[in-house]
Amino acid sequence: MTQSKPRDTKDISGIEVGFTQQPDSDAQVVQNATWAAVFLAVAGLAFFGFAISTVNFLDWEDYILVGFPLFLAVTSLTSIFIMQRGHLALGSEIVFALNLILPVVLTIFVRDTFWSAFSYSVVSTALLVWRALPRRSWRWSIIVTLTILIVIVIVELIGLPNRFANPPAFNTFIAILISVLSVAFIVQAVRETWGRSMRNKLMAAFIGTTLVAAGTLAVYVYISTNNILQQSLERELFEHTDEVANSIGALFNEQINIITTLSLNEILQQSAEDANNTYEGDDSAIQSILETNDARWRAADAANNNADPLVKKNLTNQVALELLEFQEAFPNHAEVFITDVYGGLAGTTNRTSDYYQADEGWWQAAYNDEQGAVYVSEPEFDDSAGALAVQIALPIRSDQTGEIIGILRTTYLASALVPILGESVGETGKTDIFIPGEVISYFHEGQLDSIQPEQYAEFQEAAEQGMVTMDFENVPSVVLQTPVKASEGYQAVNDLGWMVVFHQHQEEAFAPVNAQIRGALIVMTIIMVLAVAAAIALSIFLVRPITQLTQTAKEVASGNLDSRANAISTDEVGTLASTFNSMTSQLQETLQGLEQRVAARTKDLEIVAEVGTATATILESRRLLQEVVDLTKERFNLYHSHIYLLDEKGENLVLTAGAGEAGRVMVAEGRLIPLDREQSLVARAARERQGVTVNDVTQEPDHLPNPLLPDTRSELAVPMIVGGNVIGVFDIQSEQVGRFSATDVNIQTTLAAQLATSIQNVRSFELSQKEAELQSLVNMIGSRIQRTTTIEETLQTAIRELGTAIGASRVKAMVGQNNGSAHTTAVD
């Protein structure tokens, strides 16, 4: 089992820094590697869910992108099982290998993931090597990591083709993974360094606070700046696209207005009415004429014969001349002609492909069952004009009756749209027109190409979200669309359904956004680095006086009480140093005065011993008590001392002995204190069974002033307890305020305990002595009675000895007889 060895360093201030770089045991490695495997499994499942909701499963790469994270999750869980079985190295190496495969796969299959993959590799590998790999695996793991980083760089430089576009949410997903790993790394580092020194704690606190604050600010700046810049970009591109769409709508609106004005030309109206009047017969006859002229026209067109009278007439009549003049003024109208109300040509600028037009869809749309309407076609190649063009048709109405008298149609060249669409944004920003219909097509760079319906549907679904990033012509691009519309004018323009689509390479479109974000992140990084450096410098600055104070404390602890800290500041540290110096001075003074206090305490104990010795031989209680109060007052230099004893009923404390003349007077007065009296220190000490001290009797409501002791200023009363019973109170007084301390309480309590024991002993002795004397007296009387010979003599002896024993001057006894008489014997 490998043992962890901390690698420590020392900074210039002598404070230990660094952290343990190896787990404590293989069990710890298994635990850390297990957590790493769980993290990879969760990340794999999250990546799987993200991928399956993103790809369309059109190519084999889609299945790899979806299958790999699932494989990552399953293999991570398998590695946990392997490590739990005791195969530590194999399991942890599987976790390490899977963690490095993830960024490589990302770089190979997804574009624009270099920085995400590179950052993830560095952060995750550092954490795994430090916490989840045995020390013996460090060397090869670092070599493998460097190799993988080189592979990622090479893949990015080569730029593999056919990689997936990088959805915006994907970078967020990777950023979250990196953030979680970074937080884990920081937490582990703080845990390792926290208990090392105050400097480490301050550094961790300062740097942690700095990183959290700066990181939060960086995330906010990144998100807000990114959103603002993307919104600005979207707004700018949408304005461009909308301007193009409006320009196209305005162009068609303008052309419709132009040909509407042309339809009001007197010559065109007159010619149309004249053509309508040339027809005779019913509808069948008119239709027959039209079909005949149409066949004749088609033959001339097939022979390229403009000399045919019918063709020549329509090319050279007044209508044709007016239309040619119009065409010269508006050259984008490549072909302009009119028909009569029946669909036959009435004049044209070019030889059309046929004569009869009423069977054409555009003609029927413009005629609109005699209601009239404006018609605009999709761009298509016009055989007559020989160019890609848009057909515009509208009815010619009589300026007198308003009835439709003919149809005017123009072939408007689609090349007129090129200048509007040709205004590019940057190098790759292009604008096209998507034209829905039976065949969906889009117009770009003057060309018309078709697009598959499913591709168009996918594009429409994405583009409806606003500006989106997607592959456009196999290039990652930003795409947005807006419909062609006329702000005012003809509904036909709005009904076209054309969509103006702007697309620009994603790299170029987001270049300003990325540049500004990159600049902001660089600034934030610099700020964070400076903040961290400032935090480190500040921690050193703050800890240095604490370090000096610690050194001073060590010197004081070693016995050098003359050592003092440098209190040069007025802040908390300076206050602490001053306080420490004061404490050291007080300690020094305390130690210097300790011998004096010990001597004083020893002296007090000697006095207690002296009093105990002096009273040990006294066998008479009153003399004992008087000796104690006199010696106590004298030896302890007191103002007064006296002793109260509890009476037999346990209700009153009776003054039994007092020092000096005042004490003797008070004893003679028979003073007593009821045990339940509230305003009495002596009674209170007996009730509470502990010493009571009053160091200023003038401030104590329980003190009872004594006129015989007017100079009393402080008082100490301690109970005398023996066998768990209070037998009295020992009370001492001083003329000094604040005379008694806790030490005095202890001393006097000890003396009171000795005194209580002595009193108990004397009382026992006195009781035994009285019992012995009584027994001796009884024995003596009995002996003398036994020497008598008569009853009279016996009675006299008994009465005389009893009177002597009790101190009576006369004793009389009466003895009864059987006859009821009594005999009296008296002794004087």
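In what follows, the structure referred to is the one given above.
First, a word on what this report is: a plain description of the structure on this page. (Residues numbered from 1 in each chain as written. Predicted model: local features only at pLDDT ≥ 70, side-chain atom pairs only at ≥ 80, totals over all residues. Heavy atoms only, no water.)

1. Here we look at the pairing of strand β4 (residues 345-348)
Where we set the bar: DSSP-based pairing: two strands are paired if at least 2 bridges between them are found. Strands are runs of DSSP state E lasting at least two residues, helices are runs of H or I lasting at least four, and both sets are numbered from the N terminus onward.
In the sheet, strand β3 (residues 333-340) pairs with β4 via 3 bridges, with the strands oriented antiparallel. In the strand pairing of β4, F337 is matched with T348. Here β3 folds back onto β4 in antiparallel fashion, the turn holding 4 residues, of which G343 has a positive phi close to 105 degrees.

2. Quick word on the packing of aromatic side chains
Aromatic ring pairs are described here by two measures, namely the spacing of the ring centres and the angle between the planes. Put simply, the test is: Paired rings are identified among Phe, Tyr and Trp, the last through its six-membered ring, by centres lying within 6.5 Å, and are further divided according to the angle between planes into stacked (under 30 degrees), edge-to-face (over 60) and tilted (the rest). With a 1.4 Å probe rolled over the protein chains alone, any residue whose accessible area is under 20% of its type maximum counts as buried; one over 50% counts as exposed, and the rest are partly exposed.
One pass over the structure, following the stated rule, counts 7 aromatic pairs. Here F252 and Y412 contribute two aromatic rings whose centre-to-centre distance is 6.3 Å and whose plane-to-plane angle is 65 degrees, an arrangement assigned as edge-to-face. Of this pair, F252 sits in helix α7 (residues 198-263) while Y412 sits in strand β8 (residues 404-413), and the two are 160 residues apart along the sequence. You'll find F252 and Y412 in the same group, each marked buried.

3. A short note on helix α11 (residues 318-329)
Selection criterion: By this rule, a helix spans an expected 1.5 Å times one less than how many residues it contains. Here the arc refers to the set of directions running from the helix axis out to each C-beta atom.
With 12 residues, α11 should reach 16 Å at 1.5 Å per residue; the first-to-last C-alpha distance of 17 Å fits that figure. Within α11 the residues assigned to the buried category are V319, A320, E322, L323, F326 and Q327. Angular distribution of buried residues about the axis of α11 spans 160 degrees; they occupy a single face of the element. Away from its buried face by more than 90 degrees, α11 exposes E325 and E328.

4. A look at the packing of helix α10 (residues 309-316) against α11
Basically, it comes down to this: Note on method: axes are straight lines fitted to C-alpha atoms, helices fitted across the in-contact stretch only, with angles between N-to-C directions ranging 0 to 180 degrees. Working rule for angles: under 35 degrees goes down as roughly parallel, over 145 as roughly antiparallel, 65 to 115 as roughly perpendicular, anything else as oblique. Throughout, a contact is declared for two residues whenever any of their heavy atoms are within 4.5 Å. Gly counts as polar in this scheme, as do all residues outside two lists: the nonpolar Ala, Val, Leu, Ile, Met, Phe, Trp, Tyr, Cys and Pro, and the charged Asp, Glu, Lys and Arg.
Contact geometry of α10 with α11 gives a least axis separation of 4 Å together with a crossing angle of 50 degrees. By the angle between their directions, the pair α10 and α11 is classed as oblique. When α10 is examined against α11, the residues N314, L315 and T316 are found in contact with a partner set consisting of Q318, A320 and L321. Split by residue class, the contact of α10 with α11 holds 3 nonpolar, 3 polar and no charged.

5. As for a nonpolar patch on the surface
Definition in use: Surface patches are defined over residues having more than 30% relative accessible area and no salt bridge, joining like charges when they lie within 9 Å and nonpolar side chains (Val, Leu, Ile, Met, Phe, Trp, Tyr) when within 5 Å. All accessibility values rest on the Shrake-Rupley procedure with a 1.4 Å probe; residue burial counts only the protein chains present in the view. Salt bridge criterion: a side-chain nitrogen from Lys or Arg within 4 Å of a carboxyl oxygen from Asp or Glu.
Taken together, the side chains of L45, L70 and V74 define a hydrophobic patch exposed on the protein surface, amounting to about 250 Å² of accessible area. Relative to the helices and strands, L45 resides in helix α1 (residues 26-52). Classification of L45 as partly exposed rests on a relative accessible area of 48%.

6. Structural notes on the nonpolar core
Note the following rule: Put simply, a nonpolar core is a bunch of buried Ala, Val, Leu, Ile, Met, Phe, Trp, Tyr and Cys residues held in one set by side-chain atoms that sit within 4.5 Å of each other.
Within the largest apolar cluster, 41 residues are counted, with the highest numbers of intra-cluster contacts made by I248, F252, L408, L417, I433, F443 and W498. Listed by contribution, the elements that provide at least two residues to this core are α7, α8 (266-277), α11, β3, β7 (387-397), β8, α13 (418-421) and β9 (430-435). In terms of residue count, the dominant contributor to this core is α7 (9 residues). Formed by 25 residues, the second largest nonpolar core is a distinct cluster that contains V629, A752, A756 and V762.

7. Quick look at unusual backbone geometry
In this model, N637 sits at a positive phi of 55 degrees, which is unusual for a non-glycine residue. Along the chain, N637 falls in the loop between α19 (621-635) and β15 (640-646). Here R689, not a glycine, exhibits a phi torsion of approximately 60 degrees, which is positive. Inspection of the secondary structure puts R689 in the loop between α21 (681-688) and β18 (692-694). With relative accessibility at 42%, the residue R689 sits in the partly exposed group.

8. Description of the pairing of strand β20 (residues 725-734)
Side-chain positions along a regular strand alternate between the two faces of the sheet. Most of β20 is tucked away: 9 of the 10 residues are buried. Examined bridge by bridge, β15 and β20 share 6 bridges and lie antiparallel to one another. In the sheet register, S641 faces β20, and the bridge partner there is I732. Relative to β20, strand β19 (residues 714-722) is paired through 9 bridges, and the arrangement is antiparallel. Its bridge partner lying in β20, E715 is registered against Q733. The hairpin formed by β19 and β20 contains 2 residues between the paired strands, and G723 there has a positive phi angle of roughly 60 degrees.

9. Points about the packing of helix α9 (residues 283-302) against α10
In contact at an axis separation of 9 Å, α9 and α10 are set at 90 degrees when each is read in the N-to-C sense. Considered as vectors, α9 and α10 are oriented roughly perpendicular to each other. Taking contact as the criterion, the partners of N293, R296, W297 and A300 in α9 are, on α10, P309, L310, V311 and N314. Class assignment for the residues of the contact of α9 with α10 results in 5 nonpolar, 2 polar and 1 charged.

10. Description of the sheet that holds β18
In space, the 6 strands of this open sheet follow the order β17-β16-β15-β20-β19-β18, with antiparallel pairing throughout. Taken across any chain shown, the strands that pair with only one partner, and hence form the sheet edges, are β17 (672-674) and β18. When the angles between neighbouring strand axes are averaged without regard to direction, this sheet yields 20 degrees. For β15 and strand β16 (residues 652-658), the ladder comprises 5 bridges, and the chain directions are antiparallel. The partner of Y644 across the bridge, within β16, is L655.

11. Considerations on the sheet that holds strand β10 (residues 441-444)
The strand order across the open sheet built from 6 strands is β11-β10-β9-β14-β13-β12, with neighbouring strands paired in antiparallel fashion. Looking at which strands have only one partner, the edges of the open sheet turn out to be β11 (447-450) and β12 (468-472). Averaged over neighbouring strand pairs, the angle between their axes works out to 35 degrees when direction is ignored. As defined by bridge partners, β10 adjoins β11 across 4 bridges and the pair is classed as antiparallel. Looking at the pairing, H444 lines up with Q447 of β11.

12. Quick look at the environment of D471
Considering the arrangement of structural elements, one finds D471 in strand β12. Here the alpha-carbon distance between D471 and F459, two residues 12 residues apart in the chain, equals 9.5 Å.

13. Some remarks on a negative patch on the surface
So the rule is basically this: We score Asp and Glu as negative and Lys and Arg as positive, and we do not count His or the chain ends. We put the charge of a Lys on NZ, of an Arg on CZ, of an Asp on CG and of a Glu on CD.
Residues E236, E239, E243 and E423 make up a contiguous surface patch of negative charge. Inspection of the secondary structure assignment puts E243 in helix α7.

14. Brief notes about the environment of E735
Along the polypeptide, E735 turns up in the loop between β20 and α22 (742-786). Since its relative accessible area comes to 40%, E735 is described here as partly exposed. With 21 residues separating them in the primary sequence, E735 and S714 have C-alpha atoms 6.5 Å apart. Look past the residues within four positions of E735 in its chain and what remains in contact with it is Y639, D711 and R713.

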